[in-house]
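Below, each chain spelled out in residue letters.
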Amino acid sequence: MEHSTNFGILLAGRVLGGISTNLLFSAFESWMTTEHRKRKFPEEWLTRTYSAMSIGNGAMAVLAGIVAQVLEDMFGHIGPFQGAIGLTILALFMVLFYWDENYGEEQQQSNDNKEQDDSSSGTSGLYQQFIDGWSTTFQDSRVWRIGLTQALSEGAMYTFVFMWVPTLLQQDPPGGVPTGCVFSALMMAITMGGVVFPPLQSLVRILTGPTTASEVTASLIYALASISMAVPAICLSSSSSSNSKDYFWNILVAFLVMEFCVGLFMPVAGTLRSKYVPDALQGAILNIFRLPLNAVVVAGTYATDVYSHSNVYFGVSACLFLAAVLQGSLVFSASSSASASTTINKQKKE
């Protein structure tokens, strides 16, 4: 549809793009988590998988930028879209021929029903899954806190994506801003975050214990991201009384730290979702999580047009700080659950 010059067709293409984006950020993760447990792999391997995903995302973003530039040079502005069509078709064939279907939760058949079809599985309709997903989200505070944390952190990230180029151009450094090189550096920072996450998680697990390691790690990551976004907010708010060019490197370093945190909270967020969101409802609940996320993104992008850059960065920092607070509340929830479980086990033994 991007090949068309008709506005209605282009608009329909954006609607389909929004639907496919929701599927991209829900169906694949839901399938992977369920397949992981179906094959009885150790739970700690999930963290490694999400870390590898974060590393791959950053590395592929750098490669995609290079390939997109080559395609644009060869075929014009439509070239990158044509390349995306080819990659999407390749992914379609890989899913069709190399992936087994799973439904999040299979019903085990009793010995009395062996004559029934062994391939049958308990699946509910799409509507019922969303009803159950909403019910679980509202009934379990841990689930909606995970969803709200995701909305705040990713919404802040997307707002930052809209902001970083005009912010750096506003600083007007000598020789201009090499936006292509800066983009590559930001993507490499995401990759480095994915590389650092496993040893960081291991260190936190040693210091706090395995029960709350993911929650504590996430709180620290969001807090660091909040501090990194406060740096450009403070620099830009004070630039009116001094030379704004003096803050270029401060702001650039803060941006790199922010993307480093993105590389960290991608795997930790996936780990927490796999921990608290039921397998059978992962697809539905992950799509429900997209609703507050899109609301935060819309609010953030609107803010970039009506508020000063410094105020927008203060808002981004506040969203990340609130995400850190929500994750901190999960630390206490996990500790309370672990204590209750220990008490029950002791009572059973007595």
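Cut-offs applied
- Residues numbered from 1 in each chain as written.
- Predicted model: local features only at pLDDT ≥ 70, side-chain atom pairs only at ≥ 80, totals over all residues.
- Heavy atoms only, no water.
- Helix = DSSP H or I, 4+ residues; strand = E, 2+ residues; numbered from the N terminus.
- Buried < 20%, exposed > 50% of the residue type's maximum accessible area, 1.4 Å probe, protein only.
- Contact = heavy atoms within 4.5 Å.
- Areas by Shrake-Rupley, 256 points an atom, 1.4 Å probe, with all protein chains shown as cover.
- Axes fitted to C-alpha atoms, helices over the stretch in contact; angles between N-to-C directions.
- Parallel < 35°, antiparallel > 145°, perpendicular 65-115°, else oblique.
- Left-handed = near helix turned anticlockwise from the far one by under 90°.
- Nonpolar A, V, L, I, M, F, W, Y, C, P; charged D, E, K, R; others polar.
- Core = buried A, V, L, I, M, F, W, Y, C linked by side-chain atoms within 4.5 Å.
- pLDDT = per-residue confidence, 0-100.
- Polar contact = N/O pair within 3.5 Å; in protein donor to acceptor, adjacent residues only side chain to side chain.
- Salt bridge = Lys/Arg side-chain N within 4 Å of Asp/Glu carboxyl O.
- Phe/Tyr/Trp six-rings, centres within 6.5 Å; stacked < 30°, edge-to-face > 60°.

### Observations concerning the overall build of the protein chain
Now for step 1: Each helix and strand counted, the protein chain has 11 helices and 0 strands in total.
Now for step 2: Within the protein chain, the proportion of its 350 residues that are buried is 38%.
Now for step 3: Intrachain contacts of the protein chain at a sequence separation of at least 6 include 78% that bridge at least 24 residues.
Now for step 4: For the protein chain, the accessible area works out to roughly 19,300 Å², and carbon and sulfur atoms hold 66% of it.

### Quick notes on the packing of helix H2 (residues 27-38) against helix H9 (residues 248-276)
Now for step 1: Viewed as axis vectors pointing N to C, H2 and H9 meet at an angle of 60 degrees, and their least axial separation amounts to 11 Å. In terms of orientation, H2 and H9 fall into the oblique class. Considering only the axes of H2 and H9, their crossing is right-handed. Side by side, H2 and H9 meet where Glu29, Thr33 and Arg37 of the first sit next to Gly270, Arg273, Ser274 and Lys275 of the second.
Now for step 2: Residue composition of the contact of H2 with H9, grouped by class: no nonpolar, 3 polar and 4 charged.

### Focus on the environment of Leu236
Now for step 1: You can see Leu236 is positioned in helix H8 (residues 213-238).
Now for step 2: Leu236 sits in the buried class, given a relative accessible area of 10%.
Now for step 3: Sequence separation between Leu236 and Asn311 is 75 residues; the distance between their C-alpha atoms is 9.0 Å.
Now for step 4: Among residues more than four places away in sequence, those in contact with Leu236 are Thr167, Gln170, Gln171, Ile251, His309, Ser310 and Tyr313.

### Some remarks on the nonpolar core
Now for step 1: Core analysis: the largest hydrophobic core is formed by 52 residues, its most contacted members being Leu168, Met229, Phe255, Met258 and Tyr313.
Now for step 2: Sorting the residues of this core by element identifies helix H3 (44-75), helix H6 (141-171), helix H7 (179-208), H8, H9, helix H10 (282-306) and helix H11 (309-349) as the ones contributing at least two each.
Now for step 3: Here the element with the most residues in this core is H9; it accounts for 13 residues.

### Brief notes about unusual backbone geometry
Now for step 1: Despite not being glycine, Lys40 has its phi angle at roughly 60 degrees, a positive value.
Now for step 2: Relative to the elements of secondary structure, Lys40 occurs in the loop between H2 and H3.

### Topic: the confidence of the model for the protein chain
Now for step 1: For the protein chain, per-residue confidence averages 79 on the pLDDT scale, and residues scoring 70 or more make up 85% of the total.
Now for step 2: The spread of mean pLDDT over the elements of the protein chain runs between H11, the lowest at 72, and H8, the highest at 91.
Now for step 3: Predicted confidence is poor over residues 106-124, with pLDDT under 50, and the contacts of this stretch with residues over four places away or in other chains come to 11 contacts.
Now for step 4: Taken together, the stretch residues 338-349 has pLDDT below 50 and engages in 1 contact with residues farther than four places along the chain or on a different chain.

### Some remarks on the side chain of Thr217
Now for step 1: Within the secondary structure layout, Thr217 lies in helix H8.
Now for step 2: For Thr217, the side chain forms a polar contact with the main-chain oxygen of Ala213, separated by 2.7 Å.
Now for step 3: With sequence-adjacent residues up to four places away left out, Thr217 is seen in contact with Phe197, Leu200, Gln201, Val204 and Val268.

### Examining the pattern of salt bridges
Now for step 1: The final tally for this structure, using the stated rule, is 4 salt bridges.
Now for step 2: We note a salt bridge from Arg39 to Glu35, for which the minimum N-O separation is 3.1 Å.
Now for step 3: Residue Glu35 is classed as buried on the basis of its relative accessible area of 6%.
Now for step 4: One salt bridge in this structure joins Glu215 and Lys275, with 2.8 Å as the shortest N-O distance. In this pair, Glu215 sits in helix H8 while Lys275 sits in helix H9, placing the two residues 60 residues apart along the sequence.
Now for step 5: Judged by relative accessible area, which is 0%, Glu215 ranks as buried.

### Brief notes about the packing of aromatic side chains
Now for step 1: Counted according to the given criterion, the structure contains 8 aromatic pairs.
Now for step 2: Taking 5.0 Å as the distance between ring centres and 70 degrees as the angle between the ring planes, the aromatic pair formed by Phe160 and Phe255 counts as edge-to-face. Taken together, the positions of Phe160 in helix H6 and Phe255 in helix H9 put the pair 95 residues apart, joining distant regions of the chain. Residues Phe160 and Phe255 agree in their burial class; the two are buried.
Now for step 3: What links up through ring pairs into an aromatic cluster is the set Phe160, Phe255 and Tyr313.

### Some words on the environment of Asp100
Now for step 1: Within the element layout of this structure, Asp100 appears in the loop between helix H4 (79-98) and helix H5 (126-139).
Now for step 2: Judged by its relative accessible area of 47%, Asp100 falls in the partly exposed class.
Now for step 3: In this structure the C-alpha to C-alpha distance between Asp100 and Glu35, which are 65 residues apart in sequence, comes to 8.6 Å.
Now for step 4: Once residues within four sequence positions are removed from consideration, Asp100 is found in contact with Trp31, Glu35 and Arg39.

### Digging into the packing of H2 against H10
Now for step 1: Between H2 and H10, the least distance of the axes is 9 Å, while the angle of their chain directions is 145 degrees. Two packed elements cross with a definite hand, and for H2 against H10 that hand is right-handed. Here Glu29, Ser30 and Thr33 of H2 come into contact with H10, specifically with Gln282, Gly283 and Leu286.
Now for step 2: Of the residues contributing to the contact of H2 with H10, the split by class is 1 nonpolar, 4 polar and 1 charged.

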